[in-house]
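The residues making up each chain are set out below.
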Amino acid sequence: MTSRDLHRDSLFIRSCYREPVERTPVWVMRQAGRYLPEYREVRAKSSFLELCKTPELAAEVTMQPIRRFGLDAAIIFSDILVPVEAMGIPLDFNPGPILSKKVSTAEDVAQLKLPDPLTDMSYVPGAIRAFTSAMPEVPLIGFAGAPFTLAAYVIEGGGSKNFAETKKFLFQQPKVARELLAKLTDTVSAHLWAQVDAGCCAVQIFDSWAGQLSRDDYMDFALPYTIEIIERLKVKNVPVILFAKGVHACLPELARTGAHVLGIDWTLPLDVAVARTEGKVALQGNLDPCELLGPVERIERQVQRVLTEAKDAPGHIFNLGHGILPMTSPDHMGAFVEAVKRLGIRRGAPATEEAVR
Ligand code: CP3
């Protein structure tokens, strides 16, 4: 039995496909990480990249939040920049990413390799297999960065406040930019395929910086490449979650990309997102990660608010609106997960025979 079949009836996968569920499922972006003392313990002995490249360690830290909180899905421990390193750009973290070679010319783009996920990034499928054999009962999500967000990192050489270098590149050398985006599309598609083949039963595409673009530029330089990846994933028959952070202006277009689920950040109430996506997709989100820094009574109230705002969504996967912050208390994360499990709602119960008659 493939892991896709094994998890087909889980709350998480049924919610992705907008099918009836007994309660709202919950997982959290960056759920494995520095807010957990057990993560810091493993991390004290290895660098972040060593963790990513050692399947046993990556699988271990992927399991940590599952053991502690009993979440409804795990996300494989890695980073969106792992494939960029495999393309030939040296990568380091301190703690944010540092790329020591910036892409700025057509030659730079031509030199980028198209990595083979099974040889150049074999540790990712390795970590997935290690996780699924240790926790076969937990649905595992694979992921990748969207081409625009990855392009922004390789052009800027790291993070940025306003992405001016990236936009200058797009506007001054659109043809070269499109070659870069096409290469990233090929790399990301192959990387996601390999993760599904290794045992992931869903994938998430992170377009973390897409909200920096105007509506027109998002439609021009980001959306077509994301659509192409989703198109190529169709043969794998797994749900695709698209998290294009801050791209509220294009929600109707995002709902037509073929993604099964849209991740929504906390600045847009889910009832508004439901209206703008016309019930075509399930939604994931969207508590402000900073809410977990507040008192537990407030966390419960905010969980209830999000559940109420999501009540008309055809599917809802509870999550934060972005990654959990390192300063979060694990107790507050625990209270959050417990509140979702207790207050989470039954959705789309099938009509009883009597009602059908
Ligand atoms: O639990 C999970 O969600 C899986 C692991 C995961 C990491 N990064 C681990 C990580 C995932 C899904 C990512 C994705 C990622 N990486 C994104 C997209 C999500 C988002 O936040 O928008 C982005 C933009 C990156 C790039 C990146 N990696 C940054 C900006 C940073 C530094 C900021 C920070 O939080 O420290 C990283 C490092 C990183 N990635 C860490 C972890 C656990 C911290 C490394 C450490 O242990 O020192």
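Each value, and the rule that gives it
Residues numbered from 1 in each chain as written. Predicted model: local features only at pLDDT ≥ 70, side-chain atom pairs only at ≥ 80, totals over all residues. Heavy atoms only, no water. Pairing = 2+ DSSP bridges. Helix = DSSP H or I, 4+ residues; strand = E, 2+ residues; numbered from the N terminus. Contact = heavy atoms within 4.5 Å. Axes fitted to C-alpha atoms, helices over the stretch in contact; angles between N-to-C directions. Phe/Tyr/Trp six-rings, centres within 6.5 Å; stacked < 30°, edge-to-face > 60°. Buried < 20%, exposed > 50% of the residue type's maximum accessible area, 1.4 Å probe, protein only. Arc of directions from axis to C-beta. Polar contact = N/O pair within 3.5 Å; in protein donor to acceptor, adjacent residues only side chain to side chain. Core = buried A, V, L, I, M, F, W, Y, C linked by side-chain atoms within 4.5 Å.

Caption draft 1: Molecular detail of the sheet that holds strand S5 (residues 202-207). Across the sheet, which stays open at both edges, the seven strands sit in the order S1-S4-S5-S6-S7-S8-S9 with parallel pairing between neighbours. Both outer strands of the open sheet, strand S1 (74-75) and strand S9 (316-320), are each paired with one neighbouring strand and no more. Relative to S9, strand S8 (residues 282-287) is paired through five bridges, and the arrangement is parallel. Looking at S9, one finds that Leu287 is bridged to Leu320. On the sheet, helix H12 (residues 174-198) packs against strand S4 (140-145) and S5 and is oriented at approximately 170° with respect to S4. Against the sheet, helix H16 (residues 270-277) engages strand S7 (261-263), S8 and S9, with an angle of about 155° to S8.

Caption draft 2: Here's a closer look at the packing of aromatic side chains. If you walk through the whole model with that rule in mind, you get eight aromatic pairs. Seen in terms of ring centroids, Phe48 and Phe77 are 5.6 Å apart; in terms of plane orientation they differ by 80°. Their pairing is edge-to-face. With Phe48 in helix H4 (residues 48-53) and Phe77 in the loop between S1 and helix H6 (82-86), this residue pair connects regions lying 29 residues apart in the sequence. The two residues Phe48 and Phe77 agree in class, both being buried.

Caption draft 3: Examining helix H11 (residues 164-172) more closely. Inspection of H11 places Thr166, Phe169 and Leu170 among the buried residues, and these make up the whole buried set. In an axial view of H11, the angular spread of the buried residues amounts to 95°, which keeps them on one side of the axis. Contact partners of the buried residues in H11: helix H10 (147-156), H12 and helix H13 (215-221).

Caption draft 4: Up close: the side chain of Thr257. By secondary structure assignment, the location of Thr257 is in the loop between helix H15 (251-254) and S7. Within the structure, the side chain of Thr257 is placed 3.2 Å from the backbone nitrogen of Ala259, a separation counted as a polar contact. Here Thr257 is in contact with Leu223, Ile227, Ile230 and Leu242, once residues within four sequence places are set aside.

Caption draft 5: A look at the nonpolar core. Formed by 126 residues in total, the largest nonpolar core has its most connected members in Phe12, Tyr218, Met333 and Phe336. With nine residues, the single largest contributor to this core is H12. Once residues lying within four places of it in the same chain are set aside, the contact partners of Phe336 are Val26, Val28, Leu287, Leu292, Ile299, Val303, Phe318 and Leu320.

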